[in-house]
Amino acid sequence: MIMKMKKAINIIMGGAFILTLVPACTDLKVNEVDSIVEENAGGGFVAGNPTDLLSSAYNDLGSYTDQANIYALLEQPSDEMIPPTRGVDWGDNGVWRLLHTQSWDATHSQVLGVWNQLNSFAYKCNEILASNPSPQQAAEAKVLRALNMYYVMDFYGQVPFREVTEGVDVDPKVLSRSEAFDFIVKDLTDALAALPNDGPMVGGRSTATQAAANALLSRLYLNKAVFTAADAAGPYNFDAGDMTKVVQYADAVAASGYDLEDEYFKIFSNSSEKEVILNSVAGTPQNRWFMTLHYDQNPSGWNGFTTLADFYNKFDKSDPRIGNYPAPDGSQFSGIGRGFLIGQQYKDDGSALVDSRTQKPLQFTTDVPLAGAATDKGIRAIKYHPSNAGKYIMIRYGEVYMNKLEAIVRGGSSSQSALDVVNNLRAKRGAPALASIDVSGVLDERGRELYWEGFRRDDQIRFGTFTGTWESKTTTDPSRVLFPIPQQALDSNPNLTQNPGY
């Protein structure tokens, strides 16, 4: 749509709240993919259609499927993913390397991009709540607001908040991390009664249910010690009462009918039946295989991200979660395996792949440098398979189950022992039983169950390993447990203060 603009258009980007003044002689192309473009010359709030707004808010979840921005901030700074530069590929002015080495600053493009994305997504939920929604629509909006605000709180340690009745001349108030935690908990608990108590369905659900709210509450209370600590870098004191709440919320999800899937990689397929609590109606999981597959594989990938050898070595080689490969004749799946891809790779017909750049057999290696990597360096990971990938998963029962395990180990009350819980999981996955389980063992098991799903950064922070060193990462700065407030946001809102260390 081309419009001759005669008014100022207020573009709200979270805490930045950018005011763009467009001259009358300028043509502005507006992409109306969600059909909610609103103009108001008076600057006050105009209620929208809550159905359209809610649909748009669900579509926003598609941003979580990108390999950049939100996902990059969750995974690239951790010990389970590395973004090697291969020649000029993946150089991108160093944005990926800065994330992995935890060397970012307040001008990092993806730190700014995520800030703007998440805050704008949360504000849209405010608009829904101010647009006369039905009780269920309001409840779903609160779940989505809680999810987006969760990551603002998690990444940046403070959360800007603007009421829809406030004009752009009002600086948004800023919630501290502990205030944001209380706000999000209230959103979710208030939403529960009006949400449907729907159980699992084939392929998963794309709208919020009681199970989704309870799952997020289990995640919140598991991380409460981090989010309410006097120092963001710790130490963290895990309260037994909070851990018991994690168990209770996890049990509530199970009471809605959710359970562990019988075959691990089925979770990420279009036939998953038991685990997917919430998926994204927008976006696609294809970035998860494009971002890692080699140029010569089918489908042809971008030959980017890999895992680290030390992380791969946390797996027992008999654990099916480490991966399975197609039959040599190509009769099973396709030439692309599932899980970690290491060693010789194959075509769909079962013949060995050759790297077209070196004319040597394509064999993925365990070693991978951060810069100057050859095309075959690094172990790839495939959870969503190109042959039958389902929708992108936002919340699944496996995470909730692991939350329960950790909470029991940290002192939460449960009718089950931690060892019974972990070995039930491992039996379901086909992995050998453990003789014991402690806190460090829980971190390893979370890695084996949840790798490349966006949990590793938070897990490492909670377990105190995030500011350690590994392979190409030598930074040990404790301030890195938070990202900086983008300079653009600081300049536009004096209520924000820069995080320590930046």
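Conventions used here
Residues numbered from 1 in each chain as written. Predicted model: local features only at pLDDT ≥ 70, side-chain atom pairs only at ≥ 80, totals over all residues. Heavy atoms only, no water. Pairing = 2+ DSSP bridges. Helix = DSSP H or I, 4+ residues; strand = E, 2+ residues; numbered from the N terminus. Axes fitted to C-alpha atoms, helices over the stretch in contact; angles between N-to-C directions. Parallel < 35°, antiparallel > 145°, perpendicular 65-115°, else oblique. Left-handed = near helix turned anticlockwise from the far one by under 90°. Contact = heavy atoms within 4.5 Å. Salt bridge = Lys/Arg side-chain N within 4 Å of Asp/Glu carboxyl O. Buried < 20%, exposed > 50% of the residue type's maximum accessible area, 1.4 Å probe, protein only. Core = buried A, V, L, I, M, F, W, Y, C linked by side-chain atoms within 4.5 Å.

What follows covers the sheet that holds strand β9 (residues 338–341). Here three strands make up an open sheet; going across it, the order is β8-β9-β14 and the pairing antiparallel. Where the open sheet ends on each side, the last strands, each with one partner, are β8 (323–324) and β14 (380–382). Sheet topology places β8 next to β9; two bridges connect them, and they run antiparallel. Across the sheet, residue G323 finds its bridge partner in β9, namely G339.

Let's shift gears to the packing of helix α1 (residues 50–59) against helix α5 (residues 135–156). Orientation of α1 relative to α5, taken along the N-to-C sense of each, is 25°, at an axis distance of 11 Å. Judged by the angle between their axes, α1 and α5 are roughly parallel. Between α1 and α5 lies a crossing whose hand is left-handed. Facing P50, T51, L54, A57 and Y58 of α1, the residues of α5 in contact are Q137, E140, A141 and L144.

Below, the discussion takes up the pattern of salt bridges. Taken as a whole, this structure holds 32 salt bridges when the rule is applied. A salt bridge links E406 to R446; the nearest nitrogen and oxygen atoms lie 3.8 Å apart. In this pair, E406 is assigned in helix α12 (residues 397–409) and R446 in helix α14 (residues 439–450), connecting sequence segments 40 residues apart. R426 serves as the salt-bridge partner of E445, at 2.8 Å between the closest nitrogen and oxygen. In this pair, E445 is assigned in helix α14 and R426 in helix α13 (residues 418–429), connecting sequence segments 19 residues apart. Of the two residues, E445 and R426, both sit in the buried class. Connected through shared salt-bridge partners, E275, D319, R321, K383, R396, R426, R429, E445, R448, E449 and E453 make up one network.

The next point concerns the nonpolar core. For soluble globular proteins, nonpolar side chains are generally found buried alongside one another. In this structure, F155, Y156 and I277 are the most contacted members of the largest nonpolar core, which totals 132 residues. Considering every element that reaches this core, the biggest residue donor is α5, with 13 residues. If sequence neighbours within four positions are ignored, F155 has contacts with I70, L73, L74, V114, L118, R457, L482 and F483. Among the nonpolar cores identified, the runner-up in size contains six residues, and I82, L308, L370 and W470 belong to it.

Note that all results are geometric; they support no functional claim without further evidence.
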